[in-house]
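Close look at the chain arrangement
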Amino acid sequence: MTTTASDVLIEGKAKIVRQDTTAHQVRVIFKDCATAFNGEKFSEIPGKGELNAKISGMLFQLLEEHHIPTCFVALGESANELVYNNLTMIPLEVVVRNHAYGSVCKRFGFEQGMAFKQPLVEYFLKNDAANDPQITESMIQERGSLPASISLSLLERRALQINEIFVAFFEARGIRCADFKLEFGVDAQGVLMLGDELSPDNFRLRDVKTAQVLDKDVFRLDLADLIETYQTLLKRMEAPTKLALDQPRTYWAQVFVKSRKNILNPESKAILTSLHNVGFTSVNGLQAGKRFEVQIEANTMMAAERQLLKIAEDVLSNPVIEDFELELGLSGGVS
Ligand code: CDP
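Since the structure is predicted, the reported quantities are computational estimates derived from the model, not experimental observations. By convention here, each chain's residues receive numbers from 1 onward along its written sequence. Only residues with pLDDT of at least 70 get local features here, since the model is predicted, and only at 80 or more are side-chain atom pairs given and counted; chain-wide, interface and lining totals rely on the full set of residues. Neither water nor hydrogens contribute to the side-chain values; these are computed over all heavy atoms in the structure.

Things to note about the state of the cysteines
Throughout, a disulfide means two cysteine sulfur atoms within 2.5 Å of one another. For the structure on display, the rule yields 0 disulfides. This cysteine, Cys105, is not joined by any disulfide, and Cys177 carries the nearest cysteine sulfur, 16 Å off.

So, in structure tokens, the structure goes:
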């Protein structure tokens, strides 16, 4: 397909995004260059774009098979190209860590390679000029970085669900998935979708037995040839292996149910009146709610979430007058 300079929507360090002939789709071209340390280190590496497109395409398809909504539509016409649904991107980098490497060791003094007790999720603001600073929940709210339909707890849950699938996928191939970075967006309906790319540029992947580096650290730290490394990784990824996600695990959840805004339920009204009667007249609003702790068996966190949404909607809340929020994690949260 021919392209013109005018159909380029964005050109970044690693990719060019072009408008597709289908209005709501874009073509993403993975470039043959590697950058590190916020662009300070740069190299043209022929063949890298193709490998990154192939690996990203495989991982997007893996997530889709496990019901995680992503931007991925199809492989492109050229080997270095993928077709995506166009998303409005959220300007955050969501980093998931299972083992300590890179900046987290420098910032918090963790010993390199140590396993965290549970996966950690960190947020960074996308801002090259400020070196992508780490950002807190209250700062995300202050800056209005999230679309109205998306909460930070949904973003965290989705990142952890994706982590579960990646850990199982790489484990089955003798590879430790130590950390990775995700970027999310929303579609025209406001639905959360995974965007950006899923290439070894955005992961730390290590051979379980030999600790061989299978990611962009080979380029950052001049450890080995990048193309040979990414080819080795791709070959191992292509090996047909069954994922260990068919074992049921116990998840815990908390479901918070409360009345919709502007609906004062009888219990809230009675508590508010009592407070006023005993002299707390400065309280002029109160919303009583319920909290349920639930333990649930499922094969994946995504399957647990689907069951819980149904339980919360059909049984734990009254959808006409109440809203609910969900928190979900691996077993250990409920006493
Ligand atoms: O790699 P570095 O020390 O700069 O940062 P990190 O916070 O330790 O990175 C955690 C993970 O996110 C690594 O797998 C990085 O490759 C990835 N990452 C990325 O893909 N893009 C960034 N701008 C920052 C991190």
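Looking at the sheet that holds strand S10 (residues 115-125)
When DSSP finds two or more bridges between two strands, those strands count as paired. Each helix corresponds to a stretch of at least 4 residues labelled H or I by DSSP, and each strand to a stretch of at least 2 residues labelled E; elements are numbered beginning at the N terminus. Here we have 4 strands laid out as an open sheet, ordered S10-S9-S11-S14, and antiparallel in their pairing. This sheet does not close on itself; its edge strands, each paired only once, are S10 and strand S14 (203-207). Looking at each pair of strands side by side, their axes are set apart by 10 degrees on average, direction ignored. Relative to S14, strand S11 (residues 175-182) runs antiparallel, the two sharing 5 bridges. Considered in S14, the bridge of Arg176 is made with Arg206. Whether two residues are in contact is decided by their heavy atoms, any of which lying within 4.5 Å being enough. To define axes, lines are fitted to C-alpha atoms, for helices over the stretch in contact only, and angles between the resulting N-to-C directions are given on a 0 to 180 degree scale. Here helix H4 (residues 152-171) sits on the sheet and contacts strand S9 (92-99), S10, S11 and S14; the angle it forms with S11, its principal contact strand, is near 150 degrees.

Thoughts on a nonpolar patch on the surface
Patches here are clusters of residues that have more than 30% relative accessible area and form no salt bridge, with a 9 Å joining cutoff for like charges and a 5 Å cutoff for nonpolar side chains (Val, Leu, Ile, Met, Phe, Trp, Tyr). Reported accessibility uses the Shrake-Rupley method at a 1.4 Å probe radius. Residues are deemed covered only where the shown protein chains occlude them. Salt bridges, as used here, are contacts in which a Lys or Arg side-chain nitrogen is within 4 Å of a carboxyl oxygen on Asp or Glu. Together, Phe37, Leu221 and Leu223 make up an exposed nonpolar region whose accessible area comes to about 310 Å². Residue placement: Phe37 occurs in the loop between strand S4 (33-36) and strand S5 (41-44). Here's how the labels work: a residue is buried when its accessible area is under 20% of the maximum for its type, exposed when over 50%, partly exposed in between, all with a 1.4 Å probe on protein chains only. Here Phe37 falls in the partly exposed class, since its relative accessible area comes to 47%.

So, the site of the ligand
Think of it this way: one heavy atom of a residue within 4 Å of a molecule or strand is enough to make that residue near it. Near the ligand lie 15 residues; those nearest to it are Arg97, Ser103, Asp179, Arg204 and Arg220. Residue Ser103 places a side-chain N or O atom 2.7 Å away from an oxygen atom belonging to the ligand. In this structure, an oxygen atom belonging to the ligand sits 2.9 Å away from a side-chain N or O atom of Asn202. In the complex, the protein chains occlude 78% of the 500 Å² of accessible area that the ligand would expose alone. Secondary-structure elements contributing two or more residues to the shell around the ligand are S9, S11 and S14. Looking at the shell around the ligand, its residues break down into 4 nonpolar, 3 polar and 8 charged. Any N or O atom pair separated by 3.5 Å or less is treated as a polar contact, with the protein-specific requirement of one donor-capable and one acceptor-capable atom, and with residues adjacent in sequence counted only for side-chain atom pairs. Each residue gets one label: Ala, Val, Leu, Ile, Met, Phe, Trp, Tyr, Cys and Pro are nonpolar, Asp, Glu, Lys and Arg are charged, and the others, such as Gly, are polar.

Observations concerning the nonpolar core
Judged by nonpolar contacts, the single largest core of 81 residues is most densely connected at Leu59, Leu155, Phe166 and Phe170. Among the elements that line this core, the one with the most residues is H4, at 11 residues. Contacts of Leu155, omitting those with residues within four sequence positions, involve Ile90, Leu92, Val94, Tyr123, Leu146, Ile150, Phe184 and Leu192. We define a nonpolar core as any set of buried Ala, Val, Leu, Ile, Met, Phe, Trp, Tyr and Cys residues linked to one another through side-chain atoms lying within 4.5 Å.

Let's talk about the pairing of S11
Burial analysis of S11 places 7 of its 8 residues in the buried class, the great majority of the element. With 4 bridges connecting them, S9 and S11 associate as antiparallel partners. Residue Arg97 lies in a different strand from S11, and its bridge partner there is Asp179.

Details of the pattern of salt bridges
On inspection of all chains with the given rule, the structure shows 29 salt bridges. With its nearest N and O atoms 2.5 Å apart, the salt bridge here joins Asp217 to Arg220. Pair noted here: Asp217 and Arg220 are both in helix H5 (residues 217-220), with a separation of 3 residues, about one helical turn. In this structure Asp217 comes out as buried when scored by relative accessible area, which is 6%. The salt bridge partner of Lys290 is Glu322, with a shortest N-O separation of 3.9 Å. Of this pair, Lys290 sits in strand S16 (residues 289-298) while Glu322 sits in strand S17 (residues 322-330); the two residues are 32 residues apart in sequence, bridging distant segments of the chain. You can call Lys290 partly exposed: its relative accessible area is 40%. According to the relative accessible area criterion, Glu322 is buried, its value standing at 13%. Connected through salt bridges with shared partners, the residues Arg97, Arg107, Glu122, Asp179, Arg204, Arg206, Asp215, Asp217 and Arg220 form a single ionic network.

A short note on the sheet that holds strand S8 (residues 88-89)
Across the sheet, which stays open at both edges, the 3 strands sit in the order S8-S12-S13 with antiparallel pairing between neighbours. With partners counted over all chains shown, the strands left at the sheet margins are S8 and strand S13 (192-194), one partner each. Sheet topology places strand S12 (residues 184-186) next to S13; 3 bridges connect them, and they run antiparallel. Bridging from a neighbouring strand, Val186 pairs with Leu192 of S13.

Describing a negative patch on the surface
Working convention for charge: Lys and Arg count positive, Asp and Glu count negative, and His plus the chain ends are omitted. Positions of charges follow a simple convention, taking NZ of Lys, CZ of Arg, CG of Asp or CD of Glu. On the surface, Glu137, Glu156, Glu325 and Glu327 cluster together into a patch of negative charge. Its place among the elements puts Glu327 in strand S17. Accessibility expressed as a relative area gives 35% for Glu327, which makes it partly exposed.

Coordinates in, geometry out; function isn't part of it.
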